[in-house]
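Below are the chains, spelled out letter by letter.
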Amino acid sequence: MRPCGQTFIGDTEGFPMNILGIETSCDETSVAIVQDGTTVLSNVVYSQIKEHEDFGGVVPEIASRSHVTKLLPVFHKAMLDAKLDPKDIDVIAVAQRPGLMGALITGVTFAKSLSYAWNKPFVGVNHIYGHLMASFLDDAQSPSFPIMALIASGGHTTLIHMNDPSDYHIQGKTIDDAAGEALDKGAKMLGLGFPGGPALEKAALGGDPLRVSFPVAIADRLDFSFSGVKNALRTYLEKNKELDEQHHKDVCASYQEAIMQTLTDKLHMAVQQCASKSIVICGGVAANEVLREKLHQRFEKDNLFVTPKAYCTDNAAMIAAAGYTVYQTQGPSDLDMIPQSHGGLTF
Ligand code: KG4
Ligand code: ZN
């Protein structure tokens, strides 16, 4: 199914459209080829985690330099995996915003160069919109509109009601930290590695999620607030300096529980308030097993679309999926398009 049934610029009736996606907005160098916004022919991701590990977070200069050296080999592998020639590519899509400026420049410059050399159109897309469109990838059945979606990543925690891919309304968002940010900072306090979300998930295995009741502030309506739970963890660790192994696991599990329960509860509230046929969850935090389990318990199986794990954290397949929809409705970008480091979700 095509995520959008609207005007299709450049559609050749009966032929699939191959979009080459490029993602370099933060610390993943990725190139993918996706057919018709849904079928992934290849998705190569080089993660820079090891290069940033020692610093406990992403170092922008290291990220930019790494993209420069890794982008070409990643691109060649994506073309080989998909068994396609340049002539088979119809459109080039690139993450243009938001992200680290030096990192974005690498991908955008590469996309423009390919577009010029191959004489193919290119389109710049919003990275967060890419996370949303990831839920259309590779599943036997795509979500049906209207959709209630939760994007939970390192930089965003947003509830969105979508009538179609280009008509959406933000229902709630975080007023301070994003869920992923709260997990990353909490993991740091607990002496865990980077990135914090997966490290915390691992450290929480065998822990009691009910041992410590970490309060999460109830922000207005469907908004989120995670700075309070972070401070509650800090205070707890100041009062309990020497944690034995089991106690440490219990604190990890309890902190994770507080955040995942809040995400589940707010999504449930949103679904009750806005009529929707499908419920979608995406973004890096959606890779979390505790959250996935909670969602499966809370929502009807037929309505719930939990993004496949491979497409939760940053990848280029989601950029290609988003590029397909943006290209259909808006046409190609101009070669003078420039990257933007800031901004929320835009179509
Ligand atoms: O979507 P993403 O890859 O990048 C952004 O656009 O921000 O999300 C990264 C965030 C990080 O905060 C990371 O700790 C979190 O997603 N994350 C997870 C898991 N995998 C990644 N959080 C919880 N459990 C996971 N398994
Ligand atoms: Zn992301």
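Structural data are supplied above this passage.
Around ligand 1, the structure places 20 residues, and the nearest of them are H131, G154, D184, G197 and E201. One of the backbone N or O atoms of G155 is found 3.5 Å from an oxygen atom in ligand 1. G197 is positioned such that a nitrogen or oxygen atom in its backbone is 2.9 Å from an oxygen atom of ligand 1. Contact with the protein chains hides 86% of the accessible area of ligand 1, taken as 560 Å² for the molecule alone. With respect to the pocket detection grid, ligand 1 is positioned in the largest pocket. Residue assignment for the shell around ligand 1 shows that the elements contributing at least two residues are α4 (127-133), α5 (179-189) and α6 (196-203). Among the elements that line the shell around ligand 1, the one with the most residues is α6, at 4 residues.

H127 (NE2), H131 (NE2) and D314 (OD) make up the full set of protein donors to the zinc ion (ligand 2), lying at 2.0 to 2.1 Å. In the primary structure, the donors to the zinc ion (ligand 2) are separated according to the pattern H-x3-H-x182-D. You can see H127 and its partner H131 sitting in helix α4, 4 residues apart, about one turn around the helix.

In the contact formed by helix α8 (residues 245-273) and helix α9 (residues 289-298), the axes pass within 10 Å of each other and the chain directions differ by 35 degrees. Here the hand of the crossing between α8 and α9 comes out right-handed. Residues Q256, E257, M260, Q261, L263, T264, D265, L267 and H268 of α8 pack against V290, L291, K294, L295 and R298 of α9. Classifying every residue of the contact of α8 with α9 gives 6 nonpolar, 4 polar and 4 charged.

So, about the pattern of salt bridges. Side chains that differ in charge, positive against negative, can pair when their charged atoms come close. For the structure on display, the rule yields 12 salt bridges. One salt bridge connects D81 with K77, and the closest N-O pair in it is separated by 3.1 Å. Here D81 and its partner K77 are both found in helix α2 (residues 60-82), 4 residues apart, which amounts to about one turn of the helix. Overall, the relative accessible area of 35% leaves D81 in the partly exposed class. Relative accessible area serves as the criterion here: at 43%, K77 is assigned to the partly exposed category.

In this sheet, strand β3 (residues 39-47) lies alongside strand β2 (residues 28-35) in antiparallel orientation, the contact comprising 8 bridges. Each bridged residue has a counterpart across the sheet, and for E28 the counterpart in β3 is S47. As consecutive antiparallel partners, β2 and β3 are separated by 3 residues, and within that stretch D36 has a phi angle of approximately 50 degrees, a positive value.

Neighbouring strands of a sheet are bound in pairs by backbone hydrogen bonds; such pairs are parallel or else antiparallel. Taken in spatial order, the 5 strands line up as β3-β2-β1-β4-β5 in an open sheet, and their pairing is mixed. Either end of the sheet is taken by a strand with one partner, and the two such strands are β3 and β5 (122-126). The sheet shows a mean angle of 20 degrees between the axes of neighbouring strands, taken without regard to direction. Examined bridge by bridge, strand β1 (residues 18-23) and strand β4 (residues 91-97) share 4 bridges and lie parallel to one another. Within β4, the position partnered with I22 by the bridge is V94.

Looking now at helix α10 (residues 316-330). The end-to-end C-alpha separation of α10 is 20 Å, in line with the 21 Å expected for 15 residues at 1.5 Å each. Most of α10 is tucked away, with 13 of its 15 residues classed as buried. Measuring from the side-chain oxygen of the N-cap residue of α10 to the backbone nitrogen of A317 gives 3.1 Å; that N-cap residue is N315. Positive backbone phi, at 80 degrees, marks G331, one or two positions downstream of α10.

Reading guide: rules and limits
- Residues numbered from 1 in each chain as written.
- Chains lettered and ligands numbered in written order.
- Predicted model: local features only at pLDDT ≥ 70, side-chain atom pairs only at ≥ 80, totals over all residues.
- Heavy atoms only, no water.
- Near = heavy atom within 4 Å.
- Polar contact = N/O pair within 3.5 Å; in protein donor to acceptor, adjacent residues only side chain to side chain.
- Areas by Shrake-Rupley, 256 points an atom, 1.4 Å probe, with all protein chains shown as cover.
- 1 Å grid on protein atoms, 1.4 Å probe; cavity = no way out; pocket = protein on both sides within 12 Å on 5 of 7 lines; lining within 4 Å.
- Sits in = over half its atoms within 2 Å of the grid points.
- Helix = DSSP H or I, 4+ residues; strand = E, 2+ residues; numbered from the N terminus.
- Donors = N, O, S within 2.8 Å, 3.2 Å for Na, K, Ca; no water.
- Axes fitted to C-alpha atoms, helices over the stretch in contact; angles between N-to-C directions.
- Left-handed = near helix turned anticlockwise from the far one by under 90°.
- Contact = heavy atoms within 4.5 Å.
- Nonpolar A, V, L, I, M, F, W, Y, C, P; charged D, E, K, R; others polar.
- Salt bridge = Lys/Arg side-chain N within 4 Å of Asp/Glu carboxyl O.
- Buried < 20%, exposed > 50% of the residue type's maximum accessible area, 1.4 Å probe, protein only.
- Pairing = 2+ DSSP bridges.
- Expected span 1.5 Å × (residues − 1).

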